Amino acid sequence: MANSPQAKKRARQNEKNRKHNASLRSMARTYVKKVQAKISAGSYEEAQAALQQAQPILDSMVNKGIFAKNKVARQKSRLNARIKALKSA
């Protein structure tokens, strides 16, 4: 356990930041799940709209350090590929 005042403050800050980051991570995952649900339903237009809504959220999570840049790029690429496959099918 932290003994010095500065270590106690740092522990409080870490806990506060952990909760905030968890909230942001959950929100971003929800947006991705919405896109996946539209893809599963087979609606191209709605899936495309959901992806357009999710992309800026995911990009902002990268800037905040919640997700790694390549992870988000990979997710967006895979979602986009699945949406394009809907159109051709």
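Residues numbered from 1 in each chain as written. Predicted model: local features only at pLDDT ≥ 70, side-chain atom pairs only at ≥ 80, totals over all residues. Heavy atoms only, no water.

The next subject is the overall build of the protein. Summing up its helical and strand segments, the protein has three helices and zero strands in all. Mapped from its N terminus to its C terminus, the protein presents α and β elements in the order α-α-α. Across its three principal axes, the protein shows a C-alpha extent of roughly 65 × 20 × 20 Å. By the burial criterion, 22% of the 89 residues in the protein qualify as buried. When the accessible surface of the protein is totalled, it reaches about 6400 Å², and 49% of it is carbon and sulfur. Separation of charge centres in the protein, based on 21 positive and 4 negative side chains, amounts to 12 Å. (Helix = DSSP H or I, 4+ residues; strand = E, 2+ residues; numbered from the N terminus. Buried < 20%, exposed > 50% of the residue type's maximum accessible area, 1.4 Å probe, protein only. Areas by Shrake-Rupley, 256 points an atom, 1.4 Å probe, with all protein chains shown as cover. Lys, Arg positive; Asp, Glu negative; His and termini not counted. Charge placed at Lys NZ, Arg CZ, Asp CG, Glu CD.)

Overall, the coordinates contain three salt bridges when judged by the stated rule. Put simply, R18 and E15 hold a salt bridge, and the shortest N to O gap is 2.7 Å. Remark: E15 and R18 occur in helix α1 (residues 5–41); sequence separation between them is three residues, near one turn of the helix. The exposure class of E15 is partly exposed, given its relative accessible area of 34%. The partner of K38 in a salt bridge is E46, with the nearest N and O atoms 3.5 Å apart. (Salt bridge = Lys/Arg side-chain N within 4 Å of Asp/Glu carboxyl O.)

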